[in-house]
Amino acid sequence: MIWLLMLIFFLIALYLFAIFPRFSKKKELLKYQYVPYAHRGLHNEEYPENSLKAFENALRHGFGIELDVQLTKDKEVVICHDFNLKRACGIDKEIDACTYEELCQYSLFNTEHTIPRLKDVLDLIDHQVPIIIEIKQKGINCEICKLTADLLDTYHDSYIVESFNPMAMHWYMKNRPQVIRGQLSSDFSKNKDVHPVMGFLFKHLCANFLSRPDFIAYDIDESHEFSFQLLKKWICSVGWTCKSEKEYEKVKNDHTYVQVTGKETFNTHSPQGNILY
């Protein structure tokens, strides 16, 4: 019986070791928590998501900015959510198979706008508002982290980073420990690109030992998951992504702040509370 109790105690201790975040940045994180952010910019039919105009629109309305970065074939850090260009540009090609010059030939969502580089977006924002940067990294190659960090080093404390890939946040933990970092997660059981075992570990935040995140960003449809519910009592939690005012009202009390769509379906002229657009 005593061996069984010791085994149970060991497994509980191992689980807690695996999921626990970093607590030392809670004070620094406060200034980011109550800023409303434009998710992929404040986009609409005229200003497509993750375009310079969407970011300009966000600045004009007084919002911080959330954006996604990934790497081109010629090692340019560009802003785009999907790894594949099919949804955004109608071209069935991976971004990392294209040079930046090639990307400039493709229009975003049938508009005049094209995929911007991170350096151009940083020049536009120019420290006016804080930025949430999602690192879109495939596998364990962290080159995107290094090149992004090199561009962001002059921004000091004006940005925070997050990623679904714990290896990206592990890179930041080892190489930029001063930067606030967050772990994105969801239920990966329906994602065929993720091995079931890894999906289980990611869903239950058991890879947190690799990154020791300062905050957790979780899919609002899956945020009943036990590990997330446990951790949100201790650190900042983000719910993503609400698509309507009704959905926001339903989940707003479950998270420190909530991301909603950037299509101006909410009151974008009065940024307040715990909304991230």
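Everything quoted here is computed from the prediction, not taken from an experiment. (Residues numbered from 1 in each chain as written. Predicted model: local features only at pLDDT ≥ 70, side-chain atom pairs only at ≥ 80, totals over all residues. Heavy atoms only, no water.)

Participant: Looking at this structure, how should I read the packing of helix 6 (residues 118-125) against helix 7 (residues 143-152)?
Facilitator: The description of two helices packed together rests on the angle between their axes and the distance between the axes. In contact at an axis separation of 10 Å, helix 6 and helix 7 are set at 25 degrees when each is read in the N-to-C sense. Here helix 7 runs roughly parallel to helix 6, going by the angle between their axes. Judged by the sense of rotation from one axis to the other, the crossing of helix 6 with helix 7 is right-handed. Between helix 6, through Leu-118, Lys-119 and Leu-122, and helix 7, the contact on the second element is made entirely by Thr-148, Leu-151 and Leu-152. Along the lines of polarity and charge, the residues of the contact of helix 6 with helix 7 split into 4 nonpolar, 1 polar and 1 charged. (Axes fitted to C-alpha atoms, helices over the stretch in contact; angles between N-to-C directions. Helix = DSSP H or I, 4+ residues; strand = E, 2+ residues; numbered from the N terminus. Parallel < 35°, antiparallel > 145°, perpendicular 65-115°, else oblique. Left-handed = near helix turned anticlockwise from the far one by under 90°. Contact = heavy atoms within 4.5 Å. Nonpolar A, V, L, I, M, F, W, Y, C, P; charged D, E, K, R; others polar.)

Participant: What exactly am I supposed to notice about the nonpolar core here?
Facilitator: One broad trend across soluble globular proteins is that nonpolar side chains are buried collectively. Membership of the largest hydrophobic core comes to 33 residues, with the highest contact counts inside it found for Leu-67, Val-69, Ile-133, Ile-135 and Tyr-172. For Ile-135, the residues in contact, after removing those within four places along its chain, are Val-69, Ile-144, Cys-145, Thr-148, Glu-162, Ser-163, Ala-168, Met-169 and Tyr-172. Within the second largest apolar cluster, 13 residues are counted, among which are Ile-180, Ala-217, Cys-236 and Val-238. (Core = buried A, V, L, I, M, F, W, Y, C linked by side-chain atoms within 4.5 Å. Buried < 20%, exposed > 50% of the residue type's maximum accessible area, 1.4 Å probe, protein only.)

Participant: Looking at this structure, how should I read the packing of aromatic side chains?
Facilitator: Geometrically, a pair of aromatic rings is defined through the distance of the ring centres and the angle of the planes. If you walk through the whole model with that rule in mind, you get 4 aromatic pairs. On the numbers, 5.0 Å between centres and 35 degrees between planes, the contact of Tyr-218 with Phe-228 is tilted. Here the residue Tyr-218 occupies a position in strand 7 (residues 215-219), and Phe-228 occupies one in helix 11 (residues 226-231), the gap between them amounting to 10 residues. When sorted by exposure, Tyr-218 lands in the same class as Phe-228, which is buried. Here the guanidinium or amino end of Lys-136 rests over the ring plane of Phe-83, the centre of that ring lying 5.9 Å away. (Phe/Tyr/Trp six-rings, centres within 6.5 Å; stacked < 30°, edge-to-face > 60°. Lys NZ or Arg CZ within 6 Å of the ring centre and 35° of its normal.)

Participant: Just checking my understanding: could you explain the pairing of strand 4 (residues 131-135) for this structure?
Facilitator: Looking along a regular strand, one sees side chains alternate from face to face of the sheet. Burial analysis of strand 4 places 5 of its 5 residues in the buried class, the great majority of the element. Neither face of strand 4 is left uncovered, since the one carrying Ile-131, Ile-133 and Ile-135 and the one carrying Ile-132 and Glu-134 both have all their residues buried. In this sheet, strand 4 lies alongside strand 2 (residues 64-71) in parallel orientation, the contact comprising 5 bridges. Within strand 4, the position partnered with Glu-66 by the bridge is Ile-132. Here 4 bridges tie strand 4 to strand 5 (residues 159-163), and the two strands are oriented parallel to one another. Pairing of Ile-132 across the sheet is with Ile-160, part of strand 5. (Pairing = 2+ DSSP bridges.)

Participant: When you look at helix 8 (residues 166-175) in this model, what are you seeing that I'm missing?
Facilitator: Residues lying three or four places apart along an α-helix face the same way, a consequence of the helix completing one turn every 3.6 residues. Along helix 8, the residues that are buried comprise Pro-166, Ala-168, Met-169, Trp-171, Tyr-172 and Met-173. Measuring from the side-chain oxygen of the N-cap residue of helix 8 to the backbone nitrogen of Met-167 gives 2.9 Å; that N-cap residue is Asn-165. (Polar contact = N/O pair within 3.5 Å; in protein donor to acceptor, adjacent residues only side chain to side chain.)

Participant: Mind showing me how you'd approach the side chain of Asn-50 here?
Facilitator: Tracing the backbone through its elements, the reader meets Asn-50 in the loop between strand 1 (37-39) and helix 3 (52-60). Separated by 3.0 Å, the side chains of Asn-50 and Asp-68 make a polar contact. Excluding residues that lie within four positions of it along the chain, Asn-50 makes contacts with Arg-40, Phe-55, Glu-66, Leu-67, Asp-68, Ile-79, Cys-80, His-81, Leu-108 and Pro-116.

Such coordinate-based values are descriptive only and should not be taken to indicate function.
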